Structure formats: structure tokens, C-alpha cells
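# Analysis of the macromolecular model
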Amino acid sequence: MSNAELAIVYAALILADDGVTITADGLQTLTKHAGIDVEPVWANMFAKAFEGKNINDLLMNVGSGGGAPAGGAVAAGGGGGGAEEKPKEEEKPAEEDKESSDEDMGFGLFD
């Protein structure tokens with residue numbers, strides 16, 4: 001990443017931390033006062049990318065995934081008419097196949 005790109009990213013983080021709307025003008029102003037020359041295209045691109053988004057929420061949810069629905073959503077949508085539910089049987093862990101064991105391959109974990 002170039003210094004100009006980093007400066008725009010840091011400027012966006014500063015604006016978000018202060019609760020100010022991220023605009024191309026705001027990004028340009030911050031980078032100008034920092035003494036870094038940034039092409040206006042970078043400021044415009046980042047302003048459009050963050051338009052209507054809360055950077056603080058994006059940063060807090062970096063590792064949360066968010067691609068699959070929660071398990072409770074499936075269960076909540078399924079039972080429309082039945083008053084009684086059958087108790088679920090406990091699932092027994094599947095026994096490891098002898099064919100897929102490391103010992104059959106001629107090596108173990110600590111060999």
C-alpha cells in the first residue's frame with residue numbers, strides 16, 4: 001500500500017472515531033493538514049465505499065463471519081402447527097474409521 005492510500009485509510013478512521021460523516025472533502029482536508037499529497041480519486045473512492053456505513057461496526061465485526069444464518073433461525077421457522085415436539089435423541093459421536101487413521105498410514109502424530 002502506498003503512503004497516499006494509508007493516509008486516506010487513517011483519515012477515514014479518524015473521521016469515524018470523531019463521529020463525523022466520511023466525505024471526500026473531509027478526507028482531503030485531513031491528509032492535506034498531515035502534509036501528504038493524495039490524489040482526489042482516492043478520497044472520492046473511499047468516501048463512496050464508506051457512504052452509509054458505520055466503520056466502527058465494520059471493525060468490531062471483522063472476525064465474526066456473518067455468512068451463515070444462526071442455528072436458532074432454522075428451528076424457529078420450522079414448527080408451524082404441532083403443539084408437541086419429540087425429544088431429540090442425543091447424537092453419538094461417530095467412531096473413527098480404521099482406514100482413515102494415521103496409524104494405518106505408517107506414521108503417528110508424534111513420530
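Residues numbered from 1 in each chain as written. Predicted model: local features only at pLDDT ≥ 70, side-chain atom pairs only at ≥ 80, totals over all residues. Heavy atoms only, no water.

The name given to the chain in an unreviewed UniProt entry is 60S acidic ribosomal protein P1, with the source organism recorded as Gigaspora margarita. On record in UniProt, under Sequence similarities (unreviewed entry), the comment for the chain is "Belongs to the eukaryotic ribosomal protein P1/P2 family." (UniProt positions renumbered as here; feature names shortened; annotations may be inferred.)

Interhelical geometry of helix 2 (residues 24-33) versus helix 3 (residues 40-49) gives an angle of 135 degrees and a closest axis separation of 8 Å. Between helix 2 and helix 3, the crossing angle belongs to the class labelled oblique. Crossing of helix 2 over helix 3 shows right-handed handedness. From helix 2, Ala-24, Leu-27 and Gln-28 reach across to helix 3, where they touch Pro-40, Ala-43, Asn-44, Phe-46 and Ala-47. (Axes fitted to C-alpha atoms, helices over the stretch in contact; angles between N-to-C directions. Helix = DSSP H or I, 4+ residues; strand = E, 2+ residues; numbered from the N terminus. Parallel < 35°, antiparallel > 145°, perpendicular 65-115°, else oblique. Left-handed = near helix turned anticlockwise from the far one by under 90°. Contact = heavy atoms within 4.5 Å.)

A word on helix 3. Restricting attention to buried positions, one finds in helix 3 the residues Ala-43, Phe-46 and Ala-47. Summarising the axial view, the buried residues of helix 3 lie within an arc of 100 degrees, below the 170-degree limit, and thus occupy one face. Exposed and oriented more than 90 degrees from the buried face of helix 3 are Val-41 and Lys-48. In this structure, the buried residues of helix 3 make contact with helix 1 (3-17) and helix 2. (Buried < 20%, exposed > 50% of the residue type's maximum accessible area, 1.4 Å probe, protein only. Arc of directions from axis to C-beta.)

Under the counting rule described, the total for this entry stands at one aromatic pair. Ring geometry for Phe-46 and Phe-50: centres 6.1 Å apart, planes at 40 degrees, overall tilted. Take Phe-46 and Phe-50: they sit in the same class, and that class is buried. (Phe/Tyr/Trp six-rings, centres within 6.5 Å; stacked < 30°, edge-to-face > 60°.)

A word on the nonpolar core. Core analysis: the biggest nonpolar cluster contains 16 residues, and Ile-8, Ala-12, Ile-22, Leu-27, Phe-50 and Ile-55 have the highest contact counts within it. Of all elements in the fold, only helix 1, helix 2 and helix 3 reach the threshold of two or more residues within this core. With residues near it in sequence (within four places) discarded, Ile-22 still touches Ala-12, Leu-15, Ala-16, Leu-27, Ala-47, Phe-50 and Ile-55. (Core = buried A, V, L, I, M, F, W, Y, C linked by side-chain atoms within 4.5 Å.)

Once that is clear, we can look at the environment of Thr-29. Among the structural elements, Thr-29 can be located in helix 2. Sequence separation between Thr-29 and Ala-11 is 18 residues; the distance between their C-alpha atoms is 9.0 Å. A polar side-chain atom of Thr-29 sits 2.7 Å from the main-chain carbonyl oxygen of Asp-25. (Polar contact = N/O pair within 3.5 Å; in protein donor to acceptor, adjacent residues only side chain to side chain.)

Turning next to helix 1. The α-helix winds at 3.6 residues per turn, so residues separated by three or four positions along the chain end up facing the same way. Helix length check: helix 1, at 15 residues, gives a terminal C-alpha distance of 21 Å against a target of 21 Å (1.5 Å per residue), a fit within 8%. Here helix 1 has its buried residues at Ala-4, Ala-7, Ile-8, Ala-11, Ala-12, Leu-15 and Ala-16. As for helix 1, its buried residues are in contact with helix 2, helix 3 and helix 4 (55-60). The first or second residue beyond helix 1 is Gly-19, which carries a positive phi of 80 degrees. (Expected span 1.5 Å × (residues − 1).)

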